[in-house]
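Notes for the structure review
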Amino acid sequence: MPKLKKLTLMSLLSTGLGSVALLPGTVMADDSFYDALTGGKVSFSARLRYESVEQDNALKDADAVTLRTTLGYKTGDFHGFGAFLELEDVSDLGGDYEEYPQTAVKKYSVIADPNGTEVNQAYLSYNGYGTEVKLGRQELTYRDAPFHRFIGNVLWRQNHQSFDAVSLSNSSIKDLKLSYAYINKVNTIFGDDLTAGLIDDGVIDMDSHLFNVQYSGWSVGKLEAYSYLLDYEDAADNNANSTATYGLRLSGAKPVNENLSAVYTAEYATQDEYADGKMDPQDYYLLELGGKYQGWLAKLSYEVQEGDGTFSFKTPLGTNHAFQGWADVFLTTPNQGLKDTYFTVVGNVAGAKLIAVYHDFETDKDSLDAGNEFDVMLQKTFMQHYTLGISYADYNADKEFGGADTDKFWLYGQLKF
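Residues numbered from 1 in each chain as written. Predicted model: local features only at pLDDT ≥ 70, side-chain atom pairs only at ≥ 80, totals over all residues. Heavy atoms only, no water.

Quick word on the pattern of salt bridges
Following the criterion strictly, the structure yields twelve salt bridges and no others. Among the ionic pairs, Arg137 bridges to Asp164, the shortest N-O distance being 2.8 Å. On the criterion of sequence distance, the pair formed by Arg137 in strand E5 (residues 131-138) and Asp164 in strand E6 (residues 162-170) is long-range, its members being 27 residues apart. A residue is classified by how much of its surface remains accessible, and Arg137, at 14% relative accessible area, is buried. For Asp164, a relative accessible area of 1% corresponds to the buried category. Lys299 is the salt-bridge partner of Glu288, the closest N and O atoms lying 3.4 Å from each other. Of the two residues, Glu288 is situated in strand E12 (residues 282-293) and Lys299 in strand E13 (residues 296-306); the sequence distance between them amounts to eleven residues. The exposure class assigned to Lys299 is buried, which follows from its relative accessible area of 18%. Put simply, Arg49, Glu51, Asp113 and Arg157 are held in one network by salt bridges that share partners. (Salt bridge = Lys/Arg side-chain N within 4 Å of Asp/Glu carboxyl O. Helix = DSSP H or I, 4+ residues; strand = E, 2+ residues; numbered from the N terminus. Buried < 20%, exposed > 50% of the residue type's maximum accessible area, 1.4 Å probe, protein only.)

Here it is in structure tokens:
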């Protein structure tokens, strides 16, 4: 697909919505069209969260009370066509913290939930013949939340990540799902209302292509193949993040007896420079083995992002908070790469979901001790629409690698319908 310059995907969408508004009254009065336009579904969510950060460095401890609210409307179906609009607001209700990783003078630790109001999603859609097409601003993912390793919406942060894109998926063949997306812009968690000159714009121009194929008809497990070709048009991001990633994943579960099931995952990907990017090839490995017993899951995982000291395997569009520890020390892979051996337990305690994870980190190059981390979360959803949660992350650095001990704490409540 050729690069879109002056005519962006969002301007195309605006033109389309404007055309609908100018339709003659006789057309608007048509029952099926009018019913689809007015008989849709309203969605609303509000997430109030307290977050605190303590780091063993020169930065002051940070704390923040923020509120994320969304209001959306999805039209009904009109011969397979529809539309969706979602507005998002993040408000700072109190606290002392830095909103962005890079500032002119940083006093406090970072809590990356900047104030702002924006259009989070706005797209036209078509569903028919086993195919779904979306044009406009949308959240893109290819795996169940929150494990969006390569492409995600960063749903943990208050401002979600979305994409100005054309996306399509086809499920007309049994057990096979084919997906493709062309991305024109990335609307990052930092939004577009940034202080000029302090950090890169939170809206990133791209000319990127995503391919994803999933097959669930094999008794051994679900197969996934993917190719993510990321072309960053901004010179500051181009060299580091313009990459081509090709990967293959197998995940599944097998009953051992009526109470116990084995779960397993094996994944491999390779990454190299793409477009004007600059890097030497680096690989990615993930091996997981565990079991489910009477509602509890326990698994051991080993994940490697290679690095040679200059370049490393990176996932700049992923929901990286879900990986390498919730303290977010390794949101970006170190140039030495990273090996992460971690043990996860998931279960139910008094009707609440419990997740506990222990990480042991080591660099890929030189095998330096990069510290360890313990994460725990307890979350309960009741009456379908209400969620309360508490979460804690404790990262212990090692002098061999450097870094700072980091403690993070969250207390949150959400209403969603």
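Comments concerning unusual backbone geometry
Cis peptide bonds are those with omega within 30 degrees of zero, and the linkage from Ala145 to Pro146 qualifies with 0°. A positive phi angle, near 50°, is found at Val154, a position not held by glycine. One can find Val154 in the loop between E5 and E6. Exposure remark for Val154: the relative accessible area of 10% places this residue in the buried category.

Notes on the packing of aromatic side chains
All chains considered together, the criterion is met by 23 aromatic pairs. Consider the rings of Phe330 and Phe401, whose centres lie 6.1 Å apart with planes at 50°: the pair is tilted. Of the two residues, Phe330 sits in the loop between E13 and strand E14 (337-349) while Phe401 sits in the loop between strand E17 (386-396) and strand E18 (406-416), which places them 71 residues apart along the sequence. Given the relative accessible area of 23%, Phe401 is considered partly exposed. Look at Phe382 and Tyr386: their rings are 5.8 Å apart centre to centre, the planes differ by 20°, and that puts the pair in the stacked class. Three or more aromatic residues joined by ring pairs form one cluster here, namely Tyr142, Phe150, Tyr226, Tyr228, Tyr284 and Phe313. (Phe/Tyr/Trp six-rings, centres within 6.5 Å; stacked < 30°, edge-to-face > 60°.)

Structural notes on the pairing of E12
Both strand E11 (residues 260-273) and E12 contribute to a ladder of twelve bridges, which runs antiparallel. Paired with Thr265 across the two strands is Glu288, which belongs to E12. Across ten bridges, E12 lies against E13 in antiparallel orientation. Directly across from Leu286, in E13, lies its bridge partner Glu303. The antiparallel hairpin formed by E12 and E13 contains two residues in its connecting segment, where Gln294 sits at a positive phi of about 45°. (Pairing = 2+ DSSP bridges.)

Quick notes on the side chain of Gln271
Examined against the element boundaries, Gln271 turns out to sit in strand E11. Residue Gln271 is classed as buried on the basis of its relative accessible area of 2%. Among the polar contacts listed, one links the side chain of Gln271 to the side chain of Thr245, at a separation of 2.9 Å. (Polar contact = N/O pair within 3.5 Å; in protein donor to acceptor, adjacent residues only side chain to side chain.)

So, the environment of Asn187
Mapped onto the secondary structure, Asn187 falls in strand E7 (residues 176-187). Residue classification places Asn187 among the buried positions, given a relative accessible area of 5%. Between the C-alpha atoms of Asn187 and Gln161, which are 26 residues apart in sequence, the distance is 5.6 Å. With near-sequence residues (within four places) excluded, Asn187 lies in contact with Arg137, His160, Gln161, Ser162, Phe163, Asp164, Gly202 and Val203. Polar side-chain contacts of Asn187 include one of 3.2 Å to the side chain of Asp164. (Contact = heavy atoms within 4.5 Å.)

Note that every value here comes from positions in space, so none of it alone points to a role or purpose.
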